[in-house]
Amino acid sequence: MTDRTNHQVRLAARPHGEPKPGDWAHTSEPVPEPADGELLVRLSHLSLDPAMRGWMNEGRSYIPPVEVNDVMRAAGIGEVVASRHPKFSVGDHVSGVFGVQEYAISDGRGVLAVDLSQVPAPTYLSALGLTGMTAYFGLFDVGAFSDGETVLVSGAAGAVGNMVGQLARLKGGTVVGIAGGPEKCRWLTEEMGFDAALDYREKGLGRRLHQAVPDGVDVFFDNVGGPVLDAGLGALRRGARVVICGAISQYNNLDRPVGPANYLRLLVERARMEGFVIFDYQPRYPEAQSQIAEWLRAGEITSKEHVVHGGVHDFPDTLLKLFRGENTGKLVLALGSEESA
Ligand code: NAP
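Every chain's residues receive numbers from 1 upward, in the order its sequence appears when written. Selection of residues for local features in this predicted model requires a pLDDT of at least 70, selection of side-chain atom pairs for listing and counting requires 80 or more, and totals for whole chains, interfaces and linings are taken over all residues. Hydrogens and waters are ignored; side-chain quantities use all the structure's heavy atoms.

**Topic: the overall build of the protein**
Secondary structure is summarised from DSSP: a helix means a run of H or I of at least four residues, a strand means a run of E of at least two, and numbering begins at the N terminus for each. In terms of helices and strands, the protein carries 10 helices and 15 strands. It is over C-alpha atoms that the radius of gyration is taken, and the globule rule equals 2.2 Å times the number of residues to the power 0.38. Taken over C-alpha atoms, the radius of gyration comes to 20 Å for the protein, in line with the 20 Å a tight globule of 341 residues would show. The principal-axis extent of the C-alpha atoms belonging to the protein is close to 65 × 45 × 35 Å. Burial status follows relative accessibility: with a 1.4 Å probe on protein chains alone, a residue under 20% of its type maximum counts as buried, one over 50% as exposed, and anything between as partly exposed. Across the 341 residues of the protein, 51% fall into the buried class. By definition, residues are in contact when any of their heavy atoms lie within 4.5 Å. At a minimum sequence separation of 6, the contacts of the protein that also span at least 24 residues come to 66%. Note on areas: Shrake-Rupley, 1.4 Å probe, and residue coverage restricted to the protein chains presented here. For the protein, the accessible area works out to roughly 15,600 Å², and carbon and sulfur atoms hold 49% of it. Think of it this way: Lys and Arg go in the positive column, Asp and Glu in the negative one, and His and the chain ends go nowhere. To locate a charge, take NZ of a lysine, CZ of an arginine, CG of an aspartate or CD of a glutamate. Between the mean site of the 32 positive side-chain charges and the mean site of the 42 negative ones, the protein shows a separation of 6 Å.

Encoded structure:
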């Protein structure tokens, strides 16, 4: 094993604004051998998540920051290539938080077996991974969505956003999405079953929202923050629930994050706004996974992934796609060429 090389991407510096090439270090070291109780995984797919930007910052959060010089944290899928762990054997496919590297040693904590003969690896990172869990618990628990209600979702053509829309549609809801650009909006209405989709890059989002949902929305699932959050607050109806899932428009804006100016709509509409962290739902993941798997099998929802093929060295550029709106659905980096995937 030791004559093989493990290429890695490490955090070299804490970024100011959008991460730059100099914020990363590309390192390599011999592939390690697992010790007693450990397994060695060769990574095939990495999950790219907006939250990664937050993990690069110093300070208190829901999870400790990635330390400078550490391998960047990332969830992934891979194959066990050596094992001295009682629960995992060579040839098993597994998911876990393995980092941005080609090989990872693990003690098995948080590692789950996956069956790639049934479900492709990107779907394990998407509908059946944290993306699906976030959409499911965010909509049904935090958003307290009831069948037939009206849902507004921002970042609607992204991983979590399109899944939220699909779940609400499945339950008879009326769904309005907010996304960047006419192509994504068309995709949402023509292919994903959204009732309407609005391009936030065009002027007059608040006015267009009012035209689309004159009676207001029951749930506003916000992935974006900033001015889009304000526009959505303006569309609430009596007793609405605002789900603060994320605020990607502000993640690179640490000095002056834009907060909601329109928050008095919460008072007027007797609404509530609540944030959540999906990790708190871990004990209930199996419930969501089996329900989502059933809907996928029945063809009632689809898992949309945006797979980029490359090496771990492509991670820094690929991550930026999330902040530039260059992904539709769940962004996944598949390690290796398209032919070998
Ligand atoms: P994603 O939506 O697939 O990708 C990010 C999308 O955000 C981009 O495609 C882009 O789409 C949009 N975006 C980027 N910059 C923007 C800006 N300045 N203004 C408006 N839109 C912008 O990512 P995801 O993995 O599904 O995550 C979505 C959100 O959920 C993120 O905020 C993430 O942090 C959050 N999240 C939260 C939890 C939790 O536990 N609370 C768990 C998972 C994810 P456009 O082309 O439409 O601009």
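**A short note on the sheet that holds strand β12 (residues 236-244)**
An order of β10-β9-β8-β11-β12-β13 is seen for the 6 strands of this open sheet, with the pairing classed as parallel. Each having just a single partner strand, β10 (196-199) and β13 (272-275) make up the two edges of the open sheet. Mean inter-strand twist for the sheet, computed between neighbouring axes without regard to direction, equals 15 degrees. Strands were regarded as paired on the criterion that DSSP finds at least two bridges between them. Relative to β13, β12 runs parallel, the two being bridged by 4 bridges. Counted as the bridge partner of Ile 244 is Gly 275 from β13. Set on the sheet, helix α5 (residues 182-190) makes contact with β9 (174-179) and β10; between it and β10 the angle comes to about 170 degrees. Lines fitted to the C-alpha atoms define the axes, with helices restricted to the stretch that makes contact. Angles between their N-to-C directions range from 0 to 180 degrees.

**Some thoughts on the state of the cysteines**
Two cysteine sulfur atoms form a disulfide, by the criterion used here, when they sit within 2.5 Å. Using the criterion set out here, one finds 0 disulfides in the structure. Cysteine Cys 185 remains unbridged, with the sulfur of Cys 245 as its closest cysteine sulfur at 19 Å. Accessibility expressed as a relative area gives 21% for Cys 245, which makes it partly exposed.

**Overview of unusual backbone geometry**
For Asn 69, which is not a glycine, the phi torsion comes out positive at approximately 85 degrees. By secondary structure assignment, the location of Asn 69 is in the loop between α1 (51-55) and β4 (75-83). Phi angles above zero are rare outside glycine, and Ala 144 is one such case at about 45 degrees. Note on placement: Ala 144 falls in the loop between α3 (130-142) and β8 (150-154).

**Thoughts on a nonpolar patch on the surface**
Only residues whose relative accessible area exceeds 30% and that form no salt bridge are eligible for patches; like-charged ones are grouped when within 9 Å, while nonpolar side chains (Val, Leu, Ile, Met, Phe, Trp, Tyr) are grouped when within 5 Å. A pair is scored as a salt bridge if a Lys or Arg side-chain nitrogen falls within 4 Å of a carboxyl oxygen belonging to Asp or Glu. Where nonpolar side chains cluster on the molecular surface, the patch consists of Tyr 263, Leu 264, Leu 267 and Val 268 and spans about 410 Å² of accessible area. Structurally, Tyr 263 can be placed in the loop between β12 and α8 (264-268). Owing to a relative accessible area of 47%, Tyr 263 belongs among the partly exposed residues under this scheme.

**A word on the domain arrangement of the protein**
Under the domain assignment used here, the protein contains domain 1 (5-126 + 304-335) and domain 2 (130-279). The distance between the C-alpha centroids of domain 1 and domain 2 comes to 28 Å. In this assembly, 19 residues from domain 1 lie in contact with 16 residues from domain 2. Counting each side, the surface lost to burial between domain 1 and domain 2 is near 1,400 Å², with a carbon and sulfur contribution of 60%. Inspection of the domain 1/domain 2 interface yields 0 salt bridges. Residues adjacent in sequence count toward polar contacts only when both atoms are side-chain atoms; beyond that, a polar contact is any pair of N or O atoms within 3.5 Å, and within protein one must be able to donate a hydrogen and the other to accept it. On the surface where domain 1 and domain 2 come into contact, there are 5 residue pairs in polar contact (both at pLDDT 80 or more). The source of the domain bounds is an automatic or database domain assignment. Defined in terms of a 1.4 Å probe, buried area is the accessible area two parts forfeit on being brought together, summed over both.

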